[in-house]
Amino acid sequence: MVTINGEKVNAAGMKVSDYLEQNGYDLQKIAVELNEEILPKSQYDGTILNENDFLEVVSFVGGG
Amino acid sequence: MIPTREEMEQAFAMRHGEELQKKFAGTTVAVCGLGGLGSNISIALARAGIGKLILIDFDQVDVTNLHRQQYKAHQVGMYKTDAIQENLKEISPYVDLEVHRVKVNEENVEELIGDADIVCEAFDRAEAKAMLVNAVLEKMPDKYLVSGSGMAGFDSPNRIQTKCVTKKFYLCGDGVSDVNESNGLFAARVMVCAAHQAHTILRIIAGEYDV
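Here is a short report on the structure shown in this document. (Residues numbered from 1 in each chain as written. Chains lettered and ligands numbered in written order. Predicted model: local features only at pLDDT ≥ 70, side-chain atom pairs only at ≥ 80, totals over all residues. Heavy atoms only, no water.)

**Comments concerning the overall build of chain A**
Counting its secondary structure elements, chain A contains one helix and five strands. Of the regular secondary structure in chain A, the N- to C-terminal order runs β-β-α-β-β-β. Computed over its C-alpha atoms, the radius of gyration of chain A comes to 11 Å, within 12% of the 11 Å expected for a compact globule of 64 residues. Seen through its principal axes, chain A has C-alpha atoms that stretch 35 × 25 × 20 Å. Per-residue burial over chain A gives 45% buried out of 64 residues. Taking contacts inside chain A between residues at least 6 apart in sequence as the whole, the part at least 24 apart equals 54%. Of the roughly 3,400 Å² of accessible surface on chain A, 44% is carried by carbon and sulfur atoms. (Helix = DSSP H or I, 4+ residues; strand = E, 2+ residues; numbered from the N terminus. Rg over C-alpha atoms; globule rule 2.2 N^0.38 Å. Buried < 20%, exposed > 50% of the residue type's maximum accessible area, 1.4 Å probe, protein only. Contact = heavy atoms within 4.5 Å. Areas by Shrake-Rupley, 256 points an atom, 1.4 Å probe, with all protein chains shown as cover.)

See the structure below:
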């Protein structure tokens, strides 16, 4: 199981880019932290989620 | 009669305590975006006696900004960097200001905010917020970063909170209220988020890292 935004998700073995795409995230409006470290956008495609990983997807909305 | 620098410093120390005030005065904060969030945040930080503010925006004051941004009717048409300098100097004449009238991008970001101890993301567009947050976390991981997302609309101000995402990255806002045609921005709710960001910055300077 992978903990994604605080919830246990059966996503081990998935590429980060696939998870983001399947869950409808707009890549231009997010920041992704994997195990407390920023995951650069260039690595979304090459990073595979492992058991016990912590993934945090921060989605930004407009207004300021 | 404008108080002297010494009088201002004494007043800051009296209100905040000498030790804390020294920390405020020794800190540089970069405020990226000088709209509803950034204009309010920079005023709160200047009032607190922050040593130096790096203020960045490319835009001009528009009449449609006056309902929430800390500018005045006679400043419509001025660049926000010029208008905010004028307003901050009226409030706190000895604060050190460095302004950049430029659009922040991945290429210039390090040069613009490299000298800051703490970076404050105060942009309007979600894409710009994400760009800055990714750039700071990737290229300048030693800096503290305080971002704002979700303060539009008329929902309860109590939904606006501060979250510590990772050790040095704080996110203020309700996280979901996007701005659009039916969901406008209201001064007070934007100010709640701006106040969360400004106070989080002061707490980081004070060494109080919990939320």
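**Points about the sheet that holds strand E5 (residues 144-148) of chain B**
Residues and elements named next belong to chain B. What the seven strands build is an open sheet, ordered E3-E2-E1-E4-E5-E7-E6; its pairing is mixed. Where the open sheet ends on each side, the last strands, each with one partner, are strand E3 (96-100) and strand E6 (161-166). Neighbour-to-neighbour, the strand axes of the sheet open up by a mean angle of 20 degrees, direction not taken into account. Note: E6 against strand E7 (residues 169-173), five bridges, orientation antiparallel. Within the sheet, the bridge partner assigned to Thr-162 lies in E7 and is Cys-172. Its contacts with the sheet put helix H4 (residues 80-91) on strand E2 (52-56) and E3, and the angle it makes with E3 is roughly 170 degrees. Sitting on the sheet, helix H6 (residues 126-139) touches strand E1 (28-32), strand E4 (118-121), E5 and E7, and the angle it makes with E5 is about 170 degrees. (Pairing = 2+ DSSP bridges. Axes fitted to C-alpha atoms, helices over the stretch in contact; angles between N-to-C directions.)

**Digging into the packing of aromatic side chains**
Note on aromatic pairs: each is described by the distance of the centres and the angle between the planes. Residue and element names in this part refer to chain B. Enumeration according to the criterion identifies two aromatic pairs over all chains in this entry. Considering the side-chain rings of Tyr-144 and Tyr-209, the 5.6 Å spacing of their centres and the 5 degrees angle between planes classify their relative orientation as stacked. Here Tyr-209 lies in the segment after helix H7 (187-206) and Tyr-144 lies in strand E5, a separation of 65 residues in the sequence. Judged by its relative accessible area of 40%, Tyr-209 falls in the partly exposed class. Ring geometry for Phe-154 and Phe-186: centres 4.8 Å apart, planes at 65 degrees, overall edge-to-face. Of this pair, Phe-154 sits in the loop between E5 and E6 while Phe-186 sits in the loop between E7 and H7, and the two are 32 residues apart along the sequence. The exposure class of Phe-154 is exposed, given its relative accessible area of 69%. One cation-aromatic arrangement involves Arg-101 over Tyr-79; the distance from NZ or CZ to the ring centre is 3.9 Å. A cation sits over an aromatic face here: Lys-103 above Phe-58, 4.7 Å from the ring centre. (Phe/Tyr/Trp six-rings, centres within 6.5 Å; stacked < 30°, edge-to-face > 60°. Lys NZ or Arg CZ within 6 Å of the ring centre and 35° of its normal.)

**Structural notes on the interface of chain B and chain A**
Counting residues at the interface gives 30 residues for chain B, matched by 19 residues for chain A. Where chain B packs against chain A, one counts two salt bridges. With a shortest N-O distance of 3.3 Å, Glu-56 of chain A and Lys-163 of chain B are connected by a salt bridge. Summed over the shared surface of chain B and chain A, the number is eleven residue pairs in polar contact (both at pLDDT 80 or more). For the side of chain B that touches chain A, the secondary-structure elements that each account for two or more residues are helix H3 (36-47), H6, E6 and E7 of chain B. (Salt bridge = Lys/Arg side-chain N within 4 Å of Asp/Glu carboxyl O. Polar contact = N/O pair within 3.5 Å; in protein donor to acceptor, adjacent residues only side chain to side chain.)

**Examining the pattern of salt bridges**
Counted according to the given criterion, the structure contains eleven salt bridges over all chains. Between Asp-45 of chain A and Lys-15 of chain A there is a salt bridge, with the nearest N and O atoms lying 3.3 Å from each other. Note that Asp-45 of chain A is positioned in the loop between strand E4 (37-38) and strand E5 (54-59) and Lys-15 of chain A in the loop between strand E2 (7-9) and helix H1 (16-22), a separation of 30 residues in sequence. The exposure class assigned to Lys-15 of chain A is partly exposed, which follows from its relative accessible area of 30%. Note that Asp-174 of chain B is salt-bridged to Arg-189 of chain B, the shortest N-O span being 3.0 Å. Placement of the pair is Asp-174 of chain B in the loop between E7 and H7 and Arg-189 of chain B in helix H7, with a sequence separation of 15 residues. Residue classification places Asp-174 of chain B among the buried positions, given a relative accessible area of 15%.

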